[in-house]
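# Coordinate analysis (summary)
Okay, here's what each chain looks like letter by letter:
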Amino acid sequence: VLDILLPKKYLIVALFGSFLFLVSPFQSEVVAWGATLHYLLIVLFLLLSILSLNSYYTTGKSRHIYLFQVYFILSLWCFEQAFLFPFVYVLYYFFFLQSESSRNWKSFLLKFIIGNFVVIALYFLLTKLYFGVWIAHYGAETHAQIDFGFLYQNLINYLNKFLFYYRELPEIFRKTLQYPVFSIITPFAILALIALFYYINRTEKKIFSILLFLLLTFGAMLIPVLNLDHSFTFELQSDRYGY
């Protein structure tokens, strides 16, 4: 996917991104534990569906629409994070397709996104018929609980863990980041870094679009897991949720 998005002179970034987990200890649970294979698969199906979306607007062949929906259905069999995939597809279309291949966003919604929501509705219906509940796994008492303070703090924890390598920081920095004020400072620090990146690369707007797409996708994929186990600060546990 990065190879498609990036100009050829940045091919090294695509290669680096493909092997990044090899130098990061955060993803060892997903890679090494067979019970979490579905986390690897859902990432695979997300990437394949994006490639199919891109291929349709490159070639115009209808078979890519069917492949796109097949990959989305398969992703729902892996994990409920697939519920947020339509948001990712809309972001991808907005950032990379509408200005180059097609400005007909209504056609995009009809061919791709509407089908996603139909499949999601069928998923809930089948879950109710088979399990007797609308929400499986940990149940509605866990997944449907909304505590915005708790969710926001967990989001900050994920940002610290995956963007600032919290686990690898010296003890003094880890303790400092635990102060409540850093729940406000952290997102502002990220915004400042984005602004600096934009200033440095303002002549290459596509690079900035890629950065925004990746960051927004990262945040969207965390939404379904923010109210789950959060003992991930120093341990491997919950690494799979951020994979």
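In this text the structure is predicted, and so the values were computed from the model without any measurement. Sequence order sets the numbering: in each chain, residues are counted from 1 along the sequence as written. In keeping with the model being predicted, local features are shown solely for residues with a pLDDT of at least 70 and side-chain atom pairs are shown and tallied solely at 80 or more, while totals for entire chains, interfaces and linings include all residues. To get the side-chain values, all heavy atoms of the structure are used, and hydrogens and water are removed first.

### Describing the side chain of S52
This is how the line gets drawn: By the criteria applied, helices consist of DSSP H or I runs no shorter than four residues and strands consist of E runs no shorter than two, each listed in order from the N terminus. Whether two residues touch is decided by their heavy atoms; if any such pair falls within 4.5 Å, the residues are in contact.
Along the polypeptide, S52 turns up in helix α4 (residues 37–59). Sequence-distant contacts of S52, that is, excluding residues within four places in its chain, are made with H64, L67, F68 and Y71.

### Topic: the packing of helix α5 (residues 63–76) against helix α6 (residues 85–97)
Rules: Interaxial angle, 0 to 180 degrees, is taken between N-to-C directions of lines fitted to C-alpha atoms, where a helix line uses only the stretch in contact. Throughout this entry, Asp, Glu, Lys and Arg are counted as charged residues, while Ala, Val, Leu, Ile, Met, Phe, Trp, Tyr, Cys and Pro are counted as nonpolar. The remaining residues, Gly among them, count as polar.
With their axes 12 Å apart at the nearest point, α5 and α6 run at an angle of 145 degrees to one another. In contact with F68, F72 and S75 of α5, α6 contributes F85, P86 and Y89. Considered class by class, the residues forming the contact of α5 with α6 number five nonpolar, one polar and no charged.

### Quick look at the nonpolar core
Filter applied, for reference: By nonpolar core we mean a set of buried residues, namely Ala, Val, Leu, Ile, Met, Phe, Trp, Tyr and Cys, connected to one another through side-chain atoms within 4.5 Å. Type-normalised accessible area, obtained with a 1.4 Å probe on protein chains alone, sets the label of each residue: buried when under 20%, exposed when over 50%, and partly exposed for intermediate values.
By size, the foremost hydrophobic cluster in this structure holds 47 residues, and its most contacted members are L53, Y89 and F112. Of all the secondary-structure elements, those providing two or more residues to this core are α4, α5, α6, α7 (105–131), α9 (148–163) and α12 (205–222). The element best represented in this core is α6, accounting for nine residues. Setting aside residues up to four positions removed in sequence, Y89 forms contacts with L46, S49, I50, L53, F68, F72, F108, I113 and N116. With five residues, the next largest nonpolar core counts I156, I190, I194 and F208 among its residues.

### Let's talk about the packing of aromatic side chains
Going by this rule: When the centres of two rings from Phe, Tyr and Trp lie within 6.5 Å, Trp using its six-membered ring, the rings pair. Their planes under 30 degrees apart give stacked, over 60 give edge-to-face, and anything left gives tilted. By definition, being over a ring means that NZ of Lys or CZ of Arg is both within 6 Å of the ring centre and within 35 degrees of the ring normal.
According to the stated counting rule, one finds 21 aromatic pairs in the structure shown. A ring pair is formed by Y39 and F79, whose centres lie 5.0 Å apart and whose planes are at 45 degrees; its orientation type is tilted. You can see Y39 sitting in helix α4 and its partner F79 sitting in the loop between α5 and α6, a full 40 residues away along the chain. Exposure class is identical for Y39 and F79. Each is buried. Grouping aromatic residues by their ring pairs yields a cluster made of Y56, Y57, F68, F72, F85, Y89, Y93, F108 and F112. In this structure, R202 packs its charged tip against the face of Y199, placed 4.2 Å from the ring centre.

### Here we look at the pattern of salt bridges
This is how the line gets drawn: Salt bridges are defined by distance alone: a side-chain nitrogen of Lys or Arg within 4 Å of a carboxyl oxygen of Asp or Glu.
Per the counting criterion, the structure on display carries one salt bridge. With a shortest N-O distance of 2.4 Å, E171 and R174 are connected by a salt bridge. Taken together, the residues span about one helical turn, with E171 and R174 both in helix α10 (residues 171–177) at a distance of three residues. A residue is classified by how much of its surface remains accessible, and R174, at 14% relative accessible area, is buried.

### Quick word on α9
The condition is simple: To estimate the expected span of a helix, subtract one from its residue number and multiply by 1.5 Å.
With 16 residues, α9 should reach 22 Å at 1.5 Å per residue; the first-to-last C-alpha distance of 22 Å fits that figure. For α9, the full list of buried residues reads L151, N154, I156, Y158, L159, N160, K161 and F162. On its buried face, α9 is in contact with α10, α11 (182–200) and α12. Phi turns positive, to about 50 degrees, at Y165, one or two residues after α9.

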